[in-house]
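# Architecture at a glance
One-letter residues, chain by chain:
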Amino acid sequence: MTLAWRRVLRALHLETSSSKTPKTCPSLSPGAFWTSVTKLGLHTKPSMPPCDFTPERYQSLAYSRVLEIHEQHLSPVPTAYFPTPLLLSQGHMEWLFDYEGNRYLDFFSGIVTVSVGHCHPKVNAAAQKQIGRLWHTSTVFFHPPIHEYAEKLSALLPEPLKVIFLVNSGSEANDLAMLMARAHSNNTDIISFRGAYHGCSPYTLGLTNVGLFKMELSSGMGCQSTMCPDVFRGPWGGSHCRDSPVQTIRKCSCAPGCCQAKDQYIEQFKDTLSTSVAKSIAGFFAEPIQGVNGVVQYPKGFLKEAFELVRERGGVCIADEVQTGFGRLGSHFWGFQTHDVLPDIVTMAKGIGNGFPMAAVVTTPEIAKSLARRLHHFNTFGGNPMACAIGSAVIEVIKEENLQENSQEVGTYMLLKFAKLRDEFEIIGDVRGKGLMVGIEMVKDKASHQPLPCEEVNQIHQDCKCMGLLIGRGGIFSQTFRIAPSMCITKPEVDFAVEVFRSALIQHMERRAK
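The rules behind these values
Residues numbered from 1 in each chain as written. Predicted model: local features only at pLDDT ≥ 70, side-chain atom pairs only at ≥ 80, totals over all residues. Heavy atoms only, no water. UniProt positions renumbered as here; feature names shortened; annotations may be inferred. Axes fitted to C-alpha atoms, helices over the stretch in contact; angles between N-to-C directions. Helix = DSSP H or I, 4+ residues; strand = E, 2+ residues; numbered from the N terminus. Parallel < 35°, antiparallel > 145°, perpendicular 65-115°, else oblique. Left-handed = near helix turned anticlockwise from the far one by under 90°. Contact = heavy atoms within 4.5 Å. Nonpolar A, V, L, I, M, F, W, Y, C, P; charged D, E, K, R; others polar. pLDDT = per-residue confidence, 0-100. Phe/Tyr/Trp six-rings, centres within 6.5 Å; stacked < 30°, edge-to-face > 60°. Buried < 20%, exposed > 50% of the residue type's maximum accessible area, 1.4 Å probe, protein only. Salt bridge = Lys/Arg side-chain N within 4 Å of Asp/Glu carboxyl O. Pairing = 2+ DSSP bridges.

Within an unreviewed UniProt entry, the label attached to the chain reads Alanine--glyoxylate aminotransferase 2, mitochondrial, and the organism entered is Camelus ferus. What the UniProt record of the chain gives under Subcellular location (unreviewed entry) is the line "Mitochondrion".

Set out below in structure tokens:
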């Protein structure tokens, strides 16, 4: 069903499945909650928008058995959200369903991965068609899906970014990009921002600068961090810095076309080049907007100047589009375009396959040849027929359903709605982002910028889930809510999400008052 038809159905309120609020809500009394909320001025419980899909009846493992198997046989690293983790059974577009049939609005899309909607009919059809034809060959044989996909993807990138290496994950893509940068430049040092996340492989851990992902053992040699030009939490920032409909509450006296914060952060970048790396470097990695760090945006013009400085040192510039690419930012298809820069290498994953394991590195013919001279690069599963058929379908859906334009329109609408909550609640320090990539940073108070304690953020997060809204987390202190729904999202669903978030904040303020 196309986005246009789904909007018509919602306008007519044709709901064919349950819109009940999820039942499971540990440590929360729904009756007491809504009584208290009414006292604070919220008179109606947020009502879920309709959904034109009925999930199948769950017939798999009992929840208790799932917990046992997880504890005995799966990674002990605690990655699951919530004290009682959600057991999901089915997905449809922007909706998820748990094993009890409860429906949730997915505003995190599998960590910014489900780009066009869960189980999108066209993507499903492409996968089913290919699975009955050919699964795997490896690159020692040709198959049409890889060439069809390469033609589609290369058409979306500017010259000279036309050579594509297909891999399976963002970490793999960034691994390969590091290797390319070093092979081409014949240098070692690579710079990345503090707060950056570029993967969790032994190689990319050097680029990733979030404490949770750092080890006591050496990894990622030859990587250096530099100050993140964060105009909210950093030392400099003002009211015109960001390429966003919403700016920080910090004030500045910058004249039009001038940004003192950008200039100060560039001085810090120059300091890194002067003190922490060799005279010649391999490259510089940057996410157009930092994802894991809480949707952090840089001052306008910063990346352009930084790229020039890197190239003066012989380095190449790498744009990590794993979270920002494929139209999510609305105004442009790629995040680097929003900074008016042209990278030497672009890495992409997540939304490229709508959740199917797929990633790519795109570079220039010159850099590709530099790698080929030094390494017989090979990837068994990269560019397999299944991935390429699905990747082609994703690109077609983005175009046919105008999802980039939807990201711009609905994303701007959402940002402005959340910005009103920042004005209403002292504990929202910042609302930022672009298109359908939004961060809401929680603080003790606006004056101090001190992060809201994790246990308080956890409870707000849990309360949103109990009302049927799933959102993500980010930031060095896990203090920022990350909002990145599938690009098929609509304004009525944004209205519901904002209502739920406001209700959770009101509930939190009442707990504080007690």
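From this point, the narrative continues.
A separate point is the packing of helix H5 (residues 121–131) against helix H11 (residues 385–400). Where H5 meets H11, the axes come as close as 9 Å, and the angle between the chain directions of the two elements is 155 degrees. In terms of their interaxial angle, H5 and H11 are classed as roughly antiparallel. In this structure, the crossing between H5 and H11 has a hand that is right-handed. In this structure, H5 contributes Lys122, Val123, Ala126, Ala127, Gln130 and Ile131 to the contact, and H11 contributes Pro385, Met386, Ala389, Ile390, Ala393, Val394, Glu396, Val397 and Glu400. Classifying every residue of the contact of H5 with H11 by side-chain character gives eleven nonpolar, one polar and three charged.

Before going further, it helps to examine the confidence of the model for the chain. For the chain, per-residue confidence averages 92 on the pLDDT scale, and residues scoring 70 or more make up 91% of the total. Here residues 11–18 scores under 50 on pLDDT; set against residues more than four positions off or in separate chains, the count is 16 contacts. Contacts from residues 24–43, a stretch scored under 50 in pLDDT, to residues over four places away or in other chains number 30 contacts.

This part takes up the packing of aromatic side chains. Counted according to the given criterion, the structure contains 18 aromatic pairs. Aromatic side chains Phe481 and Phe501 sit 5.5 Å apart centroid to centroid with 85 degrees between the ring planes, which places their arrangement in the edge-to-face category. Remark: Phe501 occurs in helix H14 (residues 491–513) and Phe481 occurs in strand S15 (residues 480–483); sequence separation between them is 20 residues. Residue Phe481 shares its accessibility class with Phe501, and that shared class is buried. Chaining the aromatic ring pairs together yields one cluster made of Phe193, Phe269, Phe284, Tyr298, Phe302 and Phe307.

Inspection of every chain in the model, using the stated rule, returns 21 salt bridges. A salt bridge links Glu396 to Lys152; the nearest nitrogen and oxygen atoms lie 3.6 Å apart. Here Glu396, found in helix H11, pairs with Lys152, found in helix H6 (residues 144–154); they are 244 residues apart in sequence, far enough to count as distant. For Glu396, a relative accessible area of 25% corresponds to the partly exposed category.

Spatially, S4-S10-S9-S8-S7-S5-S6 is the arrangement adopted by the seven strands of the open sheet, whose pairing is mixed. Looking at strand neighbours, the two that pair on one side only are strand S4 (163–167) and strand S6 (223–226), the edges of this open sheet. Each adjacent strand pair in this sheet contributes to an overall mean axis angle of 20 degrees, direction not counted. Pairing analysis gives three bridges linking strand S8 (residues 316–320) to strand S9 (residues 345–348), with the strands arranged parallel. What sits directly across from Ala319, in S9, is Val346.

The linkage connecting Glu159 with the following residue, Pro160, adopts the cis geometry, with an omega of 0 degrees. With respect to the helices and strands, Pro160 occurs in the loop between H6 and S4. One non-glycine residue, Ser138, lies in the positive phi region at around 70 degrees. On the secondary structure map, Ser138 appears in the loop between H5 and H6. Ser138 gets classed as buried once you look at its relative accessible area, which sits at 15%. You will see that Asp340, though not glycine, has its phi angle at about 60 degrees, which is positive. With respect to the helices, strands and loops of the structure, Asp340 is situated in the loop between S8 and S9. Accessibility expressed as a relative area gives 53% for Asp340, which makes it exposed.

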